[in-house]
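Spelled out, the chains give:
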Amino acid sequence: AQSVTQLDSQVPVFEEAPVELRCNYSSSVSVYLFWYVQYPNQGLQLLLKYLSGSTLVKGINGFEAEFNKSQTSFHLRKPSVHISDTAEYFCAVSEVITQGGSEKLVFGKGTKLTVNP
Amino acid sequence: NAGVMQNPRHLVRRRGQEARLRCSPMKGHSHVYWYRQLPEEGLKFMVYLQKENIIDESGMPKERFSAEFPKEGPSILRIQQVVRGDSAAYFCASSPPSVPEETQYFGPGTRLLVL
């Protein structure tokens, strides 16, 4: 079974500062890795995903994440945040499959990013 | 191309009543997933369905909860005799059928409040 740990439940930063949101996972099988963002009272929007290949993944809104297999981590980074990045961020994993559809996602508990002026 | 649609967006029920949550997947998607988000928690998987089949219900509570995805119409998550602990946001996601598709696309959720 997979599990995801997001070590920081809340991260306050100032506008234009860099930010890193940490995510560690455990799994006995190969996994896909995802970061989703949730704005207040809305659904989840995919930021980026790692499937295979290059370990540095670029996503929307200037975010990127790096897959580190030896450390079982998939930390999310942005070099300069905006007020509009204030939201909750979820890291998730799913088992790699070969048939149609996809496997269930296992989510971390989320990190609330607050960007202050 | 409409995204995943869920209705109602907000639902208020009194203890003991039934709640029905509906999810229409994206066009062309035949795989549906339901997740529950409790306050201050991440999303927890409940059930995975394909048309007329339940594929994985390992996250569904054993009693009062059921889900279906009929040949025609939306997927339905049904909660009978709701209790206050059922208050949560329920999210539906969908993915296409024909190839391994790693991305699930989420709807806006239904926020259930049990009084």
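You'll find the structure just up there.
Residues numbered from 1 in each chain as written. Chains lettered and ligands numbered in written order. Predicted model: local features only at pLDDT ≥ 70, side-chain atom pairs only at ≥ 80, totals over all residues. Heavy atoms only, no water.

> Just checking my understanding: could you explain the state of the cysteines for this structure?
In protein structure, a disulfide is the covalent linkage between the sulfur atoms of two cysteines. Going through the model one piece at a time under the given rule, you end up with two disulfides over all chains. In this model cysteine 23 of chain A forms its disulfide with cysteine 91 of chain A; the gap between the sulfur atoms is 1.9 Å. When the S-S torsion is -65°, as for the bridge of cysteine 23 of chain A with cysteine 91 of chain A, the disulfide is left-handed. One end of the pair, cysteine 23 of chain A, is in the loop between β3 (19-21) and β4 (24-26); the other, cysteine 91 of chain A, is in strand β10 (residues 87-95), and 68 residues separate them in sequence. Overall, the relative accessible area of 0% leaves cysteine 23 of chain A in the buried class. Overall, the relative accessible area of 0% leaves cysteine 91 of chain A in the buried class. The disulfide partner of cysteine 23 of chain B is cysteine 92 of chain B, and the S-S distance across this bridge is 1.7 Å. With the S-S dihedral at roughly -50°, the linkage between cysteine 23 of chain B and cysteine 92 of chain B falls on the left-handed side. Here cysteine 92 of chain B lies in strand β9 (residues 88-95) and cysteine 23 of chain B lies in strand β3 (residues 19-24), a separation of 69 residues in the sequence. Taking relative accessible area as the criterion, cysteine 23 of chain B reaches 0% and is therefore assigned buried. (Disulfide = S-S within 2.5 Å. Helix = DSSP H or I, 4+ residues; strand = E, 2+ residues; numbered from the N terminus. Buried < 20%, exposed > 50% of the residue type's maximum accessible area, 1.4 Å probe, protein only.)

> What is the right way to read the pattern of salt bridges from this model?
Pairing is possible between side chains that carry opposite charge, provided their charged atoms lie close to one another. Scanning all chains against the criterion turns up nine salt bridges over all chains. One salt bridge connects arginine 20 of chain B with glutamate 18 of chain B, and the closest N-O pair in it is separated by 2.8 Å. Put simply, arginine 64 of chain B and aspartate 86 of chain B hold a salt bridge, and the shortest N to O gap is 2.7 Å. In this pair, arginine 64 of chain B is assigned in the loop between β6 (53-56) and β7 (65-68) and aspartate 86 of chain B in the loop between β8 (75-79) and β9, connecting sequence segments 22 residues apart. Given a relative accessible area of 26%, arginine 64 of chain B falls into the partly exposed group. Several salt bridges converge on common partners, so that one network encompasses Glu20, Glu66 and Arg77 of chain A. (Salt bridge = Lys/Arg side-chain N within 4 Å of Asp/Glu carboxyl O.)

> Is there a simple way to think about the packing of aromatic side chains in this case?
Geometry of an aromatic ring pair is reported as the spacing of the ring centres plus the angle between the planes. Under the defined criterion, the tally for this structure stands at twelve aromatic pairs over all chains. Look at tyrosine 36 of chain A and phenylalanine 106 of chain B: their rings are 5.2 Å apart centre to centre, the planes differ by 80°, and that puts the pair in the edge-to-face class. Of the two residues, tyrosine 36 of chain A is situated in strand β5 (residues 31-38) and phenylalanine 106 of chain B in strand β10 (residues 105-106); the pairing between them involves two chains. Judged on exposure class, the residue tyrosine 36 of chain A and its partner phenylalanine 106 of chain B are both buried. Connected via pairs of aromatic rings, a cluster forms that spans Phe34, Tyr36, Phe90 and Phe107 of chain A together with Tyr35, Phe45 and Phe106 of chain B. (Phe/Tyr/Trp six-rings, centres within 6.5 Å; stacked < 30°, edge-to-face > 60°.)

Interpretation in functional terms is not warranted from these geometric data alone.
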